[in-house]
Amino acid sequence: MSFIPLIRNDYWTFRIFEYPRMQKLIVCILLLISLIIWADQTIFYYSVVVGLAITILYLLYQIFPFTPLARKHVLKVQKNDPKNSLSIFVSNVFEDNTNYAGCLAEIKKTDADIVLLLETNERWAEALKELDTLYPEQVKEPLNNTYGMLFFSKLPLKNSEVKYLVEDDIPSIHTQVMLPSGQLVQIYALHPTPPVPNENPRSTERDKELLLVADLAKDHRYPVIVCGDMNDVAWSYTTELFLKMSKLLDPRRGRGFINTFHAHYPLMRFPLDHIFVSDDFKLKHFQRKHNFDSDHFPIYTELQYEARASKEQEGLVASEEDKEMAEHKKNKS
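Residues numbered from 1 in each chain as written. Predicted model: local features only at pLDDT ≥ 70, side-chain atom pairs only at ≥ 80, totals over all residues. Heavy atoms only, no water.

## Section: the side chain of Q62
Convention followed: In DSSP terms, a helix is any run of H or I states spanning at least four residues, a strand is any run of E spanning at least two, and both are numbered starting from the N terminus. The classification of residues rests on relative accessible area computed with a 1.4 Å probe and restricted to protein chains. Under 20% of the type maximum is buried, over 50% is exposed, and intermediate values are partly exposed. Here a polar contact is recorded for every N or O atom pair within 3.5 Å, except that within protein the pair must consist of a potential hydrogen donor and a potential acceptor, and residues adjacent in sequence are included only if both atoms are side-chain atoms.
For Q62, the location among the structural elements is in helix α3 (residues 43-63). For Q62, a relative accessible area of 15% puts it in the buried group. Within the structure, the side chain of Q62 is placed 3.0 Å from the side chain of Y58, a separation counted as a polar contact.

Structure below.
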């Protein structure tokens, strides 16, 4: 179970074992302790103990980046700048859920600038009409296939599009939001299919959508945020590749798992809902919010844009100084 994901096969039987990383670690530790206490010390005993010890070390190595001991991907804000701040609330509401009041209450409590709701159909869109007055800017694509999306914003939106990048019935929202400072931020809202037998036996479409967006994000002229229910854990091979390609950062790293699914089964929870950001941003808050009868917990993030122009200028100045010094040495020689 621990090493099967090393096989780069997109069939669900390989990909699904990427999810329970902490669960695998706990099981291995309990097995090792049980063996040491009760098992007879035979050659088989020692081989199993060594195998479990190697597996535990391997899992600890995998888990370490998501502990508070590890380096943080997104640094904490040092100085508050409200004009360049942005808060985002993301929730997979569970399409069959009817607790609309609970959803509205949680949204109002956070008072986020942007709200992204997933698995929303026409019934959910109608039940949340109240948000139209609180959030004057909207992009709506309600669907009855558990992949509908509702996007609300208090801030101005530009160039908003609903795209079907890979599958004809799986939408994504691409839009730009204008911060109070006038800075534009590119947002991609996603909800690809998971690699499970009753939905999609392979991860091919999910992986393709994530990597297509990574390609869009990597060279974008504006700061980028990618958010949604990715149906992929924060440590998977695909997510690692997505972050490497897009050059985006994960606020979870160095802070904790912050598991969002499954809300009803505490022993089987994974970080499936994400907000990835470009290095233009620093973090104010990253929290899991209260569940309102969905199978997912919402996540809430407060970010602050900090222009890279000064950093780039510093790099340019350093580069020019290096060139001048090299030219001076050349002339001297």
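From this point, things continue past the structure.
## Quick look at the confidence of the model for the protein chain
The criterion, for reference: The predictor's confidence in any single residue is recorded as pLDDT, a number from 0 to 100. Contact definition: two residues touch when any of their heavy atoms are within 4.5 Å.
When pLDDT is averaged across the protein chain, the result is 90; 92% of the residues are at 70 or more. Across residues 309-333, confidence stays below pLDDT 50; counting only partners more than four residues off in sequence or on other chains, it has 1 contact.

## Focus: the nonpolar core
General note: in soluble globular proteins, nonpolar side chains tend to be found buried as a group. Just so we agree on the cut-off: In plain words, nonpolar cores are sets of buried Ala, Val, Leu, Ile, Met, Phe, Trp, Tyr and Cys residues tied together by side-chain atoms within 4.5 Å.
Of all hydrophobic cores here, the largest spans 29 residues; its most connected members are I88, V90, L116, F151, I187, I225 and I275. Those residues within four positions of V90 in sequence are excluded, and the remaining contacts are L116, L118, C227, G228, I275, P298 and I299.

## Some thoughts on the pattern of salt bridges
The condition that has to hold: Note on definitions: salt bridges are taken to be side-chain nitrogens of Lys or Arg within 4 Å of carboxyl oxygens of Asp or Glu.
Counted by the stated rule, this structure contains 13 salt bridges. Put simply, E130 and K108 hold a salt bridge, and the shortest N to O gap is 2.3 Å. Taken together, the positions of E130 in the loop between α5 (122-127) and α6 (131-134) and K108 in helix α4 (residues 100-110) put the pair 22 residues apart, joining distant regions of the chain. Judged by its relative accessible area of 38%, E130 falls in the partly exposed class. Several salt bridges converge on common partners, so that one network encompasses K129, D132 and K140.

## Points about the side chain of T120
Structurally, T120 can be placed in the loop between β2 (114-118) and α5. A polar contact of 3.3 Å, which involves the side chain of T120, links it to the backbone oxygen of G148. The contact partners of T120, leaving out residues within four places of it in the chain, are V93, E141, P142, L143, G148, M149 and L150.

## Describing the packing of aromatic side chains
Centre-to-centre distance and the angle between the planes together describe a pair of aromatic rings. Threshold: Aromatic rings from Phe, Tyr and Trp, with only the six-membered ring used for Trp, were paired whenever their centres fell within 6.5 Å, and each pair was classed as stacked if the ring planes differed by under 30 degrees, edge-to-face if by over 60, and tilted otherwise. The criterion for a charge sitting over a ring is simple: Lys NZ or Arg CZ within 6 Å of the ring centre, and within 35 degrees of the ring normal.
With the rule as written, the count across this model stands at 10 aromatic pairs. Joined through ring pairs, the aromatic side chains of F66, W235 and F257 make up one cluster. Directly above the aromatic system of F297 lies the positively charged group of R288, at a separation of 4.1 Å from the ring centroid.

## Observations regarding the sheet that holds strand β1 (residues 85-92)
Where we set the bar: A pair of strands is treated as paired once DSSP finds two or more bridges between them. In this analysis an axis means a line fitted to C-alpha atoms, helices contributing only their contacting stretch, and an angle means the value between N-to-C directions, from 0 to 180 degrees.
Strand order in the open sheet formed by 6 strands is β3-β4-β2-β1-β11-β10, and the pairing between neighbours is mixed. What marks the edges here is a single partner per strand, and that holds for β3 (137-141) and β10 (281-288). Across this sheet, the average inter-strand angle for adjacent strands is 10 degrees, counted without regard to direction. Relative to strand β11 (residues 299-305), β10 is paired through 7 bridges, and the arrangement is antiparallel. Bridged to F286 within β11 is T301.

## Description of helix α8 (residues 237-246)
Here is the rule we go by: The reported arc concerns the directions from the helix axis to the C-beta atoms and nothing else.
Listed as buried for α8 are T238, T239, F242, L243 and S246. End-on, the buried residues of α8 take up no more than an arc of 135 degrees, which puts them together on one face. The inward-facing, buried residues of α8 abut α7 (204-218), β8 (224-229) and β9 (273-277). After α8 finishes, the residue K247 shows a positive phi value of roughly 65 degrees.

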